[in-house]
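Understanding the architecture of this molecule
In case you want the letters, here they are:
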Amino acid sequence: MMQSQSYDAIVVGSGISGGWAAKELTEKGLRVLLLERGKNIEHVKDYVNATKAPWDYPHRGGRTRAMEDAYPVLKRDYPLNEKNLDWWASDQESPYTEVKRFDWYRGYHVGGRSLMWGRQSYRWSDFDFKANAQDGVAIDWPIRYADLAPWYDYVERHAGIAGSREGMAQLPDGQFQPAMPLNCGEAMIAGRLRKQFGGRRRIIPGRTANLTRALPGRSPCQYRNACWLGCPYGAYFSTQSSTLPAAVATGRLTLKPFAIVTEVLYDRDKKRATGVRVLDAVTEQTTDYSAPIIFLCASTLNSTWLLLRSATDVWPGGLGSSSGQLGHNLMDHHFRAGASGKIEGLNGKYTYGRRPTGFYIPRYRNLFGDTRVYLRGFGYQGGASRQGWSRAVAELGVGGAFKDAMAQPGPWTIGATAFGEMLPNHANRIAIDPSKQDKWGLPVLAIDCATGENERQMRRDMMNDMAETLEAAGVKEVDTYDSGYFPGMGIHEMGTARMGRDPKTSVLNAHNQVWDAPNVFVTDGSCMTSASCVNPSLTYMALTARAADFAVAELKRHNL
Amino acid sequence: MSENQNTIDRREAIKRVTFLLGGVALVGGSGLLTACERAQRDAATAREGAGTFTARDIAFLDEVAETILPETKTPGAKAAHVGAFMALMVTDTYSDRDQGIFRDGMRQLDEAWFMAAAPQQRLARLEQVDREQKAYTDARKDADPPHYFRLMKELTLLGYLTSEIGCTQAMRYRETPGRFDPCVPYTPGETAWAAHA
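Read on for a plain summary of the structure. Within each chain, residue numbers correspond to sequence positions counted from 1 in written order. Here the convention is simple: chains get letters from A, ligands get numbers from 1, in the order in which they are written. Since the coordinates come from a predicted model, pLDDT governs what is reported: local features require at least 70, and pairs of side-chain atoms require 80 or more to be given and counted, while whole-chain, interface and lining totals use all residues.

Another aspect to go through is the overall build of chain A. Only DSSP runs of H or I reaching four residues or more are called helices, and only runs of E reaching two or more are called strands; each is numbered from the N terminus. The helix and strand tally for chain A stands at 11 helices and 20 strands. Burial in this document is a count-based property: other C-beta atoms within 10 Å of a residue's C-beta are tallied, and the residue is buried at 20 or more, exposed at 12 or fewer, or partly exposed in between, with C-beta positions derived from the backbone. Taking all 560 residues of chain A together, 58% fall into the buried category. Once local pairs closer than 6 in sequence are excluded, the contacts in chain A between residues at least 24 apart make up 71%. Note on contacts: each residue gets a C-beta atom placed from the backbone, and two residues are in contact if those atoms are within 7 Å.

What follows covers the interface of chain A and chain B. Across the boundary between the two partners, chain A contributes 66 residues, which contact 69 residues of chain B. Elements that contribute at least two residues to the side of chain A that touches chain B include exactly α2 (65–70), β11 (334–343), β12 (349–352), β14 (378–386), α9 (400–406) and β15 (412–420) of chain A. Take the side of chain A that touches chain B: its biggest share by element is 4 residues, from β12(A). For β12(A) and strand β1 (residues 181–185) of chain B, the ladder comprises 3 bridges, and the chain directions are antiparallel. Following the sheet pairing, A:K349 is matched in β1(B) by B:P185. Each pair of strands is called paired provided DSSP finds at least two bridges between the two strands.

What follows covers the sheet that holds β15(A). All names here are of chain A. The antiparallel open sheet is built from 6 strands, whose spatial order is β5-β13-β14-β15-β11-β18. Strands at the two margins of the open sheet, each flanked by one partner only, are β5 (204–205) and β18 (476–482). Convention adopted: a line fitted to C-alpha atoms gives each axis, helices being fitted over their contacting stretch, and angles between N-to-C directions are expressed from 0 to 180 degrees. Against the sheet, helix α6 (residues 184–197) contacts β11, β13 (359–361), β14 and β15, and its axis sits at roughly 65° relative to β15. Along the sheet face, helix α10 (residues 453–472) touches β11, β14, β15 and β18 and points at about 15° away from the line of β11.

We note that A:Y223 has phi near 60°; this positive angle belongs to a residue other than glycine. Here A:Y223 shows up in the loop between β5 and α7 (239–249). The phi dihedral of B:D110 falls on the positive side, at around 65°, and the residue is not glycine. You can see B:D110 is positioned in the loop between α6 (96–109) and α7 (111–116).

Residues and elements named next belong to chain A. Along the chain, the position of A531 falls in the loop between β20 (517–522) and α11 (537–556). For the pair A531 and W124, spaced 407 residues apart in sequence, the C-alpha separation works out to 9.7 Å. In this structure A531 touches M331, H333, E421, M422 and M494, once residues within four positions along its chain are discounted.

It is worth spelling out α6(B) at this point. Residues and elements named next belong to chain B. Helix length check: α6, at 14 residues, gives a terminal C-alpha distance of 20 Å against a target of 20 Å (1.5 Å per residue), a fit within 8%. Along α6, the positions that sit buried rather than exposed are D98, I101, F102 and L109. Down the axis of α6, the sector holding all buried residues measures 100°, keeping them to one side. Exposed positions of α6 whose direction lies more than 90 degrees from the buried face are D104 and R107. Just downstream of α6 lies D110, where phi reads positive at about 65°. How far a helix is expected to stretch is found by multiplying one less than its residue total by 1.5 Å. When we speak of the arc, we mean the arc of directions from the helix axis to the C-beta atoms.

Right, let's talk about the nonpolar core for a bit. Formed by 150 residues in total, the largest nonpolar core has its most connected members in A:I10, A:V11 and A:V12. Sorting elements by how many residues they give to this core places α11(A) first, with 10 residues. Discounting residues that sit within four places of it in the chain, A:V11 has contacts with A:G18, A:A21, A:A22, A:L25, A:V32, A:L34, A:L35, A:F295 and A:C297. By size, the runner-up hydrophobic cluster in this structure holds 44 residues, among which are A:M406, B:V82, B:M152 and B:A194. By definition, a nonpolar core groups buried Ala, Val, Leu, Ile, Met, Phe, Trp, Tyr and Cys residues that connect through C-beta atoms lying within 7 Å of each other.

Right under this line is the structure:
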């Protein structure tokens, strides 16, 4: 038996983008239904592991054989662990088809991956927004930095981003809280780099969505560095700490967990979406909800998966498929290449407190006159620290003197991993696999994505540049690595419903509206037209706030 | 997935832990090394081999651990129940191959001799085994099995230095540091700050 309920707006997904959509739309007076496919996680109360000590975990945080058997994808990398296993989606309930290997790490609960994210927060620049047009790759972005800059300002003030003002054109400054400073190892190397590279290769404090100053209802960081367990102080940005409380405070939000949206309902006469169909993940009952505005913020692959299933009576390829671009141009950041080494001369220095960020080296390749055989570039994320006890595993020794030495801090080390831009490529795509269904009977996604020659060429620099940089700064025993990369590992999946200027070549317009259904907005990573090399989440926040502002204005003008 | 790939993943994991997280959790994770091999195992056999450490085995492992990390001015590995921790980790996280290597290693160390030996004899024996394991591990190719004593040493360090005694007595532990000081004086001999969970 179907019921119908109506709202002013429906937001699908409660992660970084969906939380922002809910906040903005409710604050502008709309009654909003926020749909989340997974369970609720209540701020603080449900952070059940947040204050546990290392010895409270039977396997000290590690992974068991039983966990590996239950999570065949998650086990490929660090997310499989004893501490926040509950926050990663079940590979078994929600399988997908890997035409080529694609590591898909998902958070199916209220807050989504905003609870577990790495919090690095960087603005894109016009080098990014103009890149496709200048290189003749894919299509041009329909927006420029100036379109987004005020929205970056807006979301940074509310989210709380700690960072330093650097005046770098490729990494615009923002509305920062005070930075979390470089430690003495990083500061020493940063100083030497300034001399060696004249500011071109520059170590700056990682810009992070952790508070160094209180915001309403949120305390500054206590330097526990346990963010991925949920923060009892609300000191890092998440849906729960930041956007959800704001939306709830309006009295206009209805949050519905366990609500799997199976399709967007579309009226072919009005050429508008009318609502969504929801499958209750527990009772498996179906309910239709209607609203004049629909925001899809279900995460990159999931929002497109939903579009692929919608309005198939009008377009067999799904809502937004008329351009032939829906599902195409999947991107990620390729990484796991870099270098590390030892810093001498700081044995009399140490740190206190566990800073939840490291340093950043902004992109310098293919900028300001530098030209390489490949397009675009990469940035580095890294850190310096004194080695901990784990160094002892590889060292010769047993007995009392060994034990007491290993309980002391080891030598200073420094290392960094590059995050490289991946080019949009039409061949990298997702599609429905009708041969396989998830726990709820939905046909799953097939993912067919690989890196290409440009990424391969770039990886050499990603590894070798770091060694060159560290050696130039006097770092000893420099060791390079390229640990290999498969798409998805960066957990920065982007594209598949790109923005553009022309409905013939793009899925979304400059305001994230689906060309074929202007009251449907897609503002998560699906909308990205290129990938930049900087972490994307801050840009999703800005795009979402901008699109919500536009949507409400259009609603008032009776254009939706 | 090849053994090689797994080993690379593990190196990467250790790098990540060292540089970004501050050193916990993945050192003992031989699970990272052996996922492929495990995929081929006979599940029934595996279950049979699990959980078969006796109280006597654990007492023996306690003494091995105590020899690696003995009581000094701070309590040793036995006080931190590292023997039971090793048994749990081997049972729950090790592949069949590594469980076999660990068990075989216990036989090679010879419980009867070890339990009867004086602390100095035990230490001399483990120093010799440690040199063997170091030489073997340094020359080890990715596909080669690990040395049993490497596994024991790894688990002992992990078990002790993430225990309450290890964190709060052998090292220093602040659940909530409250501030970040990027550069403070350090005097040799001062202990390290333990990582959070």
